[in-house]
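Structural features, examined
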Amino acid sequence: MSELEALAAEVARCTRCLLHRGRTKAVPGEGSGDAEIMFIGEAPGFHEDQQGRPFVGAAGRFLEELLEIIGLKREEVFIANVIKCRPPGNRDPLPEEIEACKPFLDRQIELIQPKLVVTLGRFSMVRAFPKARISRIHGQPRKIGGVIYYPMYHPAAALHQPSLRRTVEEDMRRIPELLQQAAQIAESPLPPEAEQLRLF
Ligand code: URA
C-alpha cells in the first residue's frame, strides 16, 4: 500500500471532528500520486459523500470540462478537498473542522509534491492567501516553499453565476504556461498566518 493509500485509509476511519458521525463515506481525494497539479476544493457534497470520491456531481462535471481545456483528464491530476467529510446540508466548513482535517491535506501535498496547487474557492484559498478576497486575487499565482499556489473561483460558483464562467475558463487556460514558468516564478514572502506552510 502506498503512503497516499495508507493516508486515505486513515481518513476513512477518522473521528477527529463531529462530521464523521454524519458521513456515509469520507472523501480523501483521488488521482495520480505523481501529479504536477493538485486541485483543492472545499468539502464533499451529497454525491461525493455517497461515493467517497471528490467532485463527482455538477461541479465535478464542470471541473472535468475545465481540465479538458488544458488537455488533462482527472486521473492525471490529484483532486482533494480542505475537509474530507460532508458538512450537514452542505453548510460552510467550521474553523475547527478545517483545523482537524488540515494534517491530512498537508500530508497529501507533502507526498505528492505538486508543482502547482490550484485552490478552488475561498476555503481552499485561505491556506496560501489568508484574508485575501477571491474576486481580487483569482488567477494570480504565489510561490510558497517551492510550490505555486494558484487561486481560482470554485467551479460551483461559476455554475451559480454564469458571468463567472469565462473568468474561470481564462484562469484555467493560464495553467500550462504557469507550469512551464514554474522555476522562474519568485518565492513570495510567507504571510504570518501561513507560517505552517514552512513545513513543506
Ligand atoms: N465541491 C467541493 O468543493 N468538493 C467536492 O468534492 C465537490 C464539490
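Check the entry above for the structure.
Position labels on residues start from 1 in each chain and follow its written sequence. Note on the predicted model: pLDDT of at least 70 is required for a residue's local features to be given, and 80 or more for side-chain atom pairs to be given and counted; whole-chain, interface and lining totals, by contrast, use all residues. Computation of side-chain values covers all heavy atoms of the structure but excludes hydrogens and water.

A run of H or I in DSSP counts as a helix once it spans at least four residues, and a run of E counts as a strand once it spans at least two, with each numbered from the N terminus. The helix and strand tally for the chain stands at 10 helices and six strands. Rg of the C-alpha trace for the chain: 16 Å, near the compact-globule value of 16 Å for 200 residues, within the 12% margin. Counting the 200 residues in the chain, one finds 50% classified as buried. For the chain, contacts bridging at least 24 residues in sequence account for 73% of all contacts bridging at least 6. Methods summary: accessible areas were calculated by the Shrake-Rupley approach with a probe of 1.4 Å, and residue burial reflects only the protein chains presented. Accessible surface computed for the chain: about 10,000 Å², of which carbon and sulfur atoms make up 49%. We take the radius of gyration over the C-alpha atoms and set the globule estimate at 2.2 Å times the residue count to the 0.38 power. Only protein chains enter the accessibility calculation, which uses a 1.4 Å probe. A residue is then buried if its area is under 20% of the maximum for its type, exposed if over 50%, and partly exposed in between. Two residues qualify as a contact provided that any one of their heavy atoms is within 4.5 Å of a heavy atom in the partner residue.

Across the sheet, which stays open at both edges, the six strands sit in the order 1-3-2-4-6-5 with mixed pairing between neighbours. A single partner strand is all that each edge strand has here, and the edge strands are strand 1 (30-31) and strand 5 (142-144). As a rule, the C-alpha atoms of each element are fitted with a line to give its axis, helices using only the stretch in contact, and angles between N-to-C directions run from 0 to 180 degrees. Along the sheet, helix 5 (residues 95-112) makes contact with strand 2 (37-41), strand 3 (78-81) and strand 6 (147-152), crossing strand 2 at roughly 170 degrees. At least two DSSP bridges between two strands are required for those strands to pair.

The next thing to look at is unusual backbone geometry. With a phi angle near 50 degrees, Phe55 is a residue other than glycine that sits in the positive phi range. A positive phi angle is found at Lys131, which is not glycine, with a value near 70 degrees. Structurally, the position occupied by Lys131 is in the loop between helix 6 (122-125) and helix 7 (134-137).

Turning to the packing of helix 1 (residues 3-13) against helix 5, a few remarks are in order. Interaxial distance between helix 1 and helix 5 falls to 10 Å at its minimum, and their mutual angle equals 170 degrees. Taken together, the axes of helix 1 and helix 5 lie roughly antiparallel to each other. On the side of helix 1, the interface is formed by Glu3, Leu4, Leu7, Glu10 and Val11, while helix 5 contributes Phe104, Arg107, Gln108, Leu111 and Ile112. For the contact of helix 1 with helix 5, the residue count by class is six nonpolar, one polar and three charged. For this classification, under 35 degrees means roughly parallel, over 145 means roughly antiparallel, 65 to 115 means roughly perpendicular, and everything else is oblique. Note on residue classes: Ala, Val, Leu, Ile, Met, Phe, Trp, Tyr, Cys and Pro are nonpolar, Asp, Glu, Lys and Arg are charged, and everything else, Gly too, is polar.

Quick look at the site of the ligand now. Around the ligand, the neighbouring residues are Gly41, Glu42, Ala43, Glu48, Pro54, Phe55, Asn81 and His154. Between Glu42 and the ligand, the recorded distance is 2.7 Å, taken from a backbone N or O atom to an oxygen atom. Take Asn81: an N or O atom from its side chain is 2.7 Å from a nitrogen atom of the ligand. Considering the ligand on its own, with 230 Å² of exposed area, one finds that the protein chains cover 91% of that surface. Tallied by class, residues from the shell around the ligand come to three nonpolar, three polar and two charged. Definition of nearness: a residue and a molecule or strand are near each other if at least one heavy atom of the residue lies within 4 Å of the molecule or strand. Here a polar contact is recorded for every N or O atom pair within 3.5 Å, except that within protein the pair must consist of a potential hydrogen donor and a potential acceptor, and residues adjacent in sequence are included only if both atoms are side-chain atoms.

With that out of the way, let us pick up the pattern of salt bridges. Salt bridge criterion: a side-chain nitrogen from Lys or Arg within 4 Å of a carboxyl oxygen from Asp or Glu. Counted under the stated rule, the structure contains 14 salt bridges. The salt bridge partner of Glu30 is Arg74, with a shortest N-O separation of 2.9 Å. Separated by 44 residues along the polypeptide, Glu30 in strand 1 and Arg74 in the loop between helix 4 (58-69) and strand 3 bring together distant segments of the chain. Put simply, Glu169 and Arg165 hold a salt bridge, and the shortest N to O gap is 3.4 Å. Placement of the pair is Glu169 and Arg165 together in helix 9 (residues 165-173), with a separation of four residues, close to one helical turn. On the basis of relative accessible area, Arg165 is assigned to the partly exposed category, the value being 30%. Through salt bridges with shared partners, a single ionic network connects Glu30, Arg53, Glu64 and Arg74.

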